[in-house]
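# Observations on the three-dimensional arrangement
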Amino acid sequence: MRRCIELAQLGAGSVSPNPMVGAVIVHNDRIIGQGFHRQYGKAHAEVNAVASVFATHADAEQLLKESAMYVGLEPCAHHGKTPPCADLIIRHEIPKVIIGSPDPFEQVNGRGVRKLQEAGIEVEENVLREECDFLNRRFFTRISKHRPYIILKWAQTADQFFAPADHSRRWVSSAPARMLTHRWRSEEDAVLVGKNTALIDDPRLNVRDWHGRNPKRIVADRNLELPPHLHLFDQTQETIVFNSLKTETIGSVKYLWLEDFDRYLPQMISYQLYLMDVQSVIIEGGVKMLDLFIRAGLWDEARIFNSPQYWGEGIKAPLLKKAPTEESFVGPDKLQVFFNRE
């Protein structure tokens, strides 16, 4: 099952809004096939694992009838973009299936297990359940809460300053931390900033320091005051501009009207992104936008780089009234990771 998790992680950034899933087929305590869900709309992990057995064993059909399949998530039992994986397992008469997490998606949610059991297949559930649930926390959040998995990210100085008070540009984090940030962007569906961050920093919000696909760029600009020369409007990647004036699409830039910017902005942004199948979003600033989501309790994870620099003055960073779950060093910066379990 740990191998299933390792395989599943290879699909990060490519399978959303589907879950990340790995599958391993074992015959007499030896792995004879494995696979993972590589791309949204394409073959699922179970399909790829079975195909790998046929690709490497002349007696694949007989081996499958004597094997066990390990899979990180309950096999699907419905026709979506691909046929049901439970039917595939039944067709090849695989006698035992070991599952990590149940699938809460309405069209699965126990149906996969029941279909397998009704076909006489032995099913073992909840193996490494906690680890498998954590792997697909984005998918589970979208299904259960009807919103994306929300990650807060910022860098702060050793004396907790976020940015210069005069709104000048000044790097807080190190080059290794910035590279890691670009990797994170490649793994999530979208990255969100506020109007002031877009105007002052003119960020590209892409993954130029990492190999991977660019996320959707999102900015909140109530009165559409951002100038068109900013990188956000360079048409190189999909960009969403939440505003209070219009709904319109110009090339890869989508302007989406929101009803209320004053009271429920985090909630409205979250729900609109859910409707657009955005499964995860990183909020990278500024302080006002981060504070809005913190005060609303609308966040799941926070990743904070703590630089060794001391500034003595500036704009104070947001404050999380929690202890970090994890701490590590990325170059000279200490990375703290927080989870909102409430």
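The structure presented is a predicted model; accordingly, all values stated were derived computationally and were not measured.

A separate point is the overall build of the protein. Along the protein, the regular secondary structure elements total 11 helices and 17 strands. Overall, the protein is about 70 × 45 × 35 Å in size when its C-alpha atoms are taken along their principal axes. Per-residue burial over the protein gives 53% buried out of 342 residues. Summarising the internal contacts of the protein: among those between residues at least 6 apart in sequence, 69% fall at separations of at least 24. Summing over all exposed atoms, the protein offers an accessible surface of approximately 16,400 Å²; the carbon and sulfur share of this is 49%. Mean positive and mean negative side-chain charge positions of the protein (42 and 44 charges, respectively) differ by 3 Å.

Considering all chains together, one arrives at 4 aromatic pairs under this definition. Ring plane angle 70° and centroid distance 5.6 Å describe the contact between Phe-134 and Phe-339, whose orientation is recorded as edge-to-face. In this pair, Phe-134 sits in helix 6 (residues 129-135) while Phe-339 sits in strand 17 (residues 333-339), placing the two residues 205 residues apart along the sequence. The class of Phe-134 is partly exposed, set by a relative accessible area of 35%. Among the residues examined, Phe-339 registers a relative accessible area of 8% and is labelled buried. Sitting over the ring of Trp-184, Arg-303 keeps its end group 4.7 Å from the ring centre.

A few words on the sheet that holds strand 17. Spatially, the 10 strands line up as an open sheet ordered 11-12-10-9-8-13-6-14-17-16, and their pairing is mixed. With one partner strand each, in any of the chains shown, strand 11 (248-250) and strand 16 (326-330) form the two edges of the open sheet. If you compare each strand with its neighbour and ignore which way they point, the axes differ by 20° on average. Helix 11 (residues 287-296) contacts strand 6 (149-156), strand 8 (190-194), strand 9 (216-220) and strand 13 (280-285) of the sheet and is inclined by roughly 135° relative to strand 6.

Cut-offs applied
Residues numbered from 1 in each chain as written. Predicted model: local features only at pLDDT ≥ 70, side-chain atom pairs only at ≥ 80, totals over all residues. Heavy atoms only, no water. Helix = DSSP H or I, 4+ residues; strand = E, 2+ residues; numbered from the N terminus. Buried < 20%, exposed > 50% of the residue type's maximum accessible area, 1.4 Å probe, protein only. Contact = heavy atoms within 4.5 Å. Areas by Shrake-Rupley, 256 points an atom, 1.4 Å probe, with all protein chains shown as cover. Lys, Arg positive; Asp, Glu negative; His and termini not counted. Charge placed at Lys NZ, Arg CZ, Asp CG, Glu CD. Phe/Tyr/Trp six-rings, centres within 6.5 Å; stacked < 30°, edge-to-face > 60°. Lys NZ or Arg CZ within 6 Å of the ring centre and 35° of its normal. Pairing = 2+ DSSP bridges. Axes fitted to C-alpha atoms, helices over the stretch in contact; angles between N-to-C directions.

Read these as geometric descriptors, not functional statements.
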